[in-house]
Amino acid sequence: MSDCIFCQIASGKIPSKKVYEDEYLFAFRDINPVAPEHVLVIPKRHIASLDHLEEADEALAGKILLGIKKVANQLGLEESGYRVVNNIGENAGQAVFHIHFHLLGGRPFGWPPG
Ligand code: DGP
């Protein structure tokens with residue numbers, strides 16, 4: 001989608017601090033980090049939110065999960081642990097409507113989340 005900021009980041013039209021890229025995924029540092037490590041993992045293809053995933057996206061959904069793990073390992077977070085957050089819609093505070101998974105690490109996280 002040409003007016004989607006994350007589509008433009010994934011295609012390189014808007015610069016970002018890239019952490020990982022493959023045929024299907026792009027990962028980059030959040031512009032407003034809330035943890036020492038705060039990376040957004042997105043599919044290159046535009047999907048508005050998790051709620052817009054379809055049965056046909058099953059393989060991509062798996063690639064996203066495995067990609068998150070790959071990025072976490074790349075950042076050396078597997079031993080200390082990390083948190084993955086996906087905001088969906090208004091109550092969750094989703095601000096960018098291109099599905100993205102926050103990969104957070106480098107400090108302890110509380111539960112329940114705010
Ligand atoms: P969410 O509330 O889950 O929709 O979070 C959106 C995140 O996207 C938020 O933490 C800030 C980040 N973000 C928004 N615009 C940009 C941008 O242009 N570049 C980068 N790197 N991150 C962005």
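Thresholds, definitions, all that
- Every chain begins its residue count from 1, and numbering advances along the sequence as written.
- Predicted model: local features are reported for residues with pLDDT of at least 70 only, side-chain atom pairs are reported and counted for 80 or more only, and whole-chain, interface and lining totals are derived from all residues.
- The side-chain figures draw on all heavy atoms in the structure; neither hydrogens nor water molecules are used.
- Secondary structure counts use DSSP, requiring at least four H or I residues in a row for a helix and at least two E residues in a row for a strand, with both numbered from the N terminus.
- Here the globule rule is a power law, 2.2 Å times the number of residues to the power 0.38, and the radius of gyration is based on C-alpha atoms.
- Residue exposure ignores everything except the shown protein chains as possible cover, and the areas themselves are Shrake-Rupley values with a 1.4 Å probe.
- Any two strands are treated as partners once DSSP identifies two or more bridges connecting them.
- A fitted line through C-alpha atoms represents every axis, and for helices the fit uses only the stretch in contact; the resulting angles, taken between N-to-C directions, go from 0 to 180 degrees.
- Put simply, a residue is near a molecule or strand once any heavy atom of it comes within 4 Å of that molecule or strand.
- Contacts described as polar in this section are N or O atom pairs within 3.5 Å, which, within protein, must combine one atom able to donate a hydrogen with one able to accept it, while residues neighboring in sequence count only if both atoms come from side chains.
- Exposure is judged per residue with a 1.4 Å probe applied to protein chains only, and the accessible area is read against the type maximum: over 50% gives exposed, under 20% gives buried, and values in between give partly exposed.
- Only four residue types enter the charge count: Lys and Arg as positive, Asp and Glu as negative, with His and the chain ends excluded.
- Just to be clear on terms, a salt bridge is a Lys or Arg side-chain nitrogen sitting within 4 Å of an Asp or Glu carboxyl oxygen.
- Any two residues whose heavy atoms approach within 4.5 Å at even a single point are treated as in contact.

A. Quick look at the overall build of the chain. When you go through the chain residue by residue, the secondary structure sums to 3 helices and 5 strands. The secondary structure elements of the chain, listed N-terminal to C-terminal, are α-β-β-β-α-β-α-β. For 114 residues, the compact-globule estimate of 2.2 N^0.38 gives 13 Å, and the chain sits close to it at 14 Å. Dimensions of the chain, computed from the C-alpha atoms along their principal axes, are close to 35 × 30 × 25 Å. Entry remark: accessible area of the chain is about 7,000 Å², with carbon and sulfur atoms responsible for 54%.

B. Just the sheet that holds strand 3 (residues 37–43), in detail. Taken together, the 5 strands give an open sheet; going across it, the order is 1-2-3-5-4, and neighbouring strands pair in antiparallel fashion. At either margin of the open sheet sits one strand with a lone partner, and together these are strand 1 (18–21) and strand 4 (82–85). Recorded for the sheet is a direction-independent mean angle of 20 degrees between the axes of neighbouring strands. Examined bridge by bridge, strand 1 and strand 2 (residues 25–29) share 3 bridges and lie antiparallel to one another. Residue pairing in the sheet places K18 in a bridge with F28 of strand 2.

C. Spotlight on the site of the ligand. Taken together, 15 residues form the shell around the ligand, and within it R29, D30, A95, H100 and H102 come nearest. A distance of 2.9 Å is found between a nitrogen atom of the ligand and a backbone nitrogen or oxygen belonging to R29. Contact distances for the ligand include 2.8 Å between an oxygen atom and a side-chain N or O atom of H100. Alone, the ligand offers 510 Å² of accessible surface; in the complex the protein occludes 81% of this. Listing elements by their share of the shell around the ligand, those giving two or more residues are helix 1 (5–10) and strand 2. No other element matches the 3 residues that helix 1 contributes to the shell around the ligand.

D. Highlighting the side chain of D30. Its location among the elements puts D30 in the loop between strand 2 and strand 3. For the buried residue D30, which engages in no salt bridge, the nearest side chain bearing the opposite charge is R29, 10 Å off. Here N32 takes part through its backbone nitrogen, which lies 2.7 Å from a polar atom of the side chain of D30. Non-local contacts of D30, meaning those with residues more than four positions away in its chain, are made with H38, V39, L40 and H102.

Everything listed here is a matter of coordinates, which is why it stays silent on function.
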